[in-house]
Each structure stands twice: as structure tokens, then as C-alpha cells.
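Residue strings, one per chain:
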Amino acid sequence: QVQLVETGGGLVQPGGSLRLSCAASGRPFSDYVVAWFRQAAGKEREFVALINKSGRTVDYIDSVKGRFTISRDNAKNTVYLQMNSLKPDDTAVYFCAADSVMNSDYRRTLSYDYWGQGTQVTVSS
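Analysis parameters
Residues numbered from 1 in each chain as written. Predicted model: local features only at pLDDT ≥ 70, side-chain atom pairs only at ≥ 80, totals over all residues. Heavy atoms only, no water. Helix = DSSP H or I, 4+ residues; strand = E, 2+ residues; numbered from the N terminus. Buried < 20%, exposed > 50% of the residue type's maximum accessible area, 1.4 Å probe, protein only. Salt bridge = Lys/Arg side-chain N within 4 Å of Asp/Glu carboxyl O.

1. A few points about unusual backbone geometry
- Residues other than glycine seldom take positive phi values, yet Asn77 does so here, at roughly 55°.
- With respect to the helices and strands, Asn77 occurs in the loop between strand E7 (68-73) and strand E8 (78-83).
- In this structure Asn77 comes out as partly exposed when scored by relative accessible area, which is 22%.
- The residue Ser85 is not glycine, and still its phi comes out positive at about 50°.
- Counting through the fold element by element, Ser85 comes out in the loop between E8 and strand E9 (92-99).

2. Quick notes on the pattern of salt bridges
- According to the stated counting rule, one finds five salt bridges in the structure shown.
- Between Arg38 and Glu46 there is a salt bridge; the shortest N-O distance is 2.8 Å.
- Since its relative accessible area comes to 5%, Arg38 is described here as buried.
- A relative accessible area of 35% means that Glu46 is categorised as partly exposed.
- Asp62 is the partner of Lys65 in a salt bridge, and the nearest nitrogen-oxygen pair spans 3.1 Å.
- Through salt bridges with shared partners, one network takes in Arg38, Glu46, Arg67 and Asp90.

In C-alpha cells:
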């Protein structure tokens, strides 16, 4: 129903910043709750951030609070993840995920029906 494409990944030094974009097509993005997940090499995919349909509610894992900001521009069918003060532990493939319904298990991968292909973020000096 909706297709997602992540862009903006790359190599950045510790302390640097990067902005990821998740662009949607096929449906109005305002119909979807959107989350960012990441998966580091050899580790399970983990929740990073959530934004509700209107953009008025957000949530983050503790390790990124104060450093990452999730936002959306529904007119552009895009959700962003602004990442500041990046650390080597932030290195991972970052995925955006969407679902038409918000539920209490929004930190679980199984709560999302739609996924992008992922974009690599590498934080290294």
C-alpha cells in the first residue's frame, strides 16, 4: 500500500550530525505511524524513534534522547531523523517502518507492515 525509501546515510565523525529521510509513495503519509529502527552488525534490530500521524507525539530510546529528533512533513510525504552528537555505537543500518495503526507495542518490529530498504550510517574517526 505504501512504499518507503530511506536516504541520507553515510560516514560521519564522532560528534557529527546526519539527517536521514524516509520518503513515502503510494498513500498519503499522514495515514501512517512511522518509526525508525536500526540494526548494527551482529545485533538484533532495535527501535530508535517513533512519530505519530500528526507529528505531535514522539518517543525515543533512552540512548538517543537529547541527540536525535524525529519529525515529519506530511505535505512532502517524508519523515526525518536528525541525528546530532553521533557516537560510534550509533553505527548501524537504519530502517524506517510504517503502519496504519498505532499500538502499544510500537517498539517491536512486528508492529509494522511496511519497511524501507535501509541506509547505512557509520560513525568513525
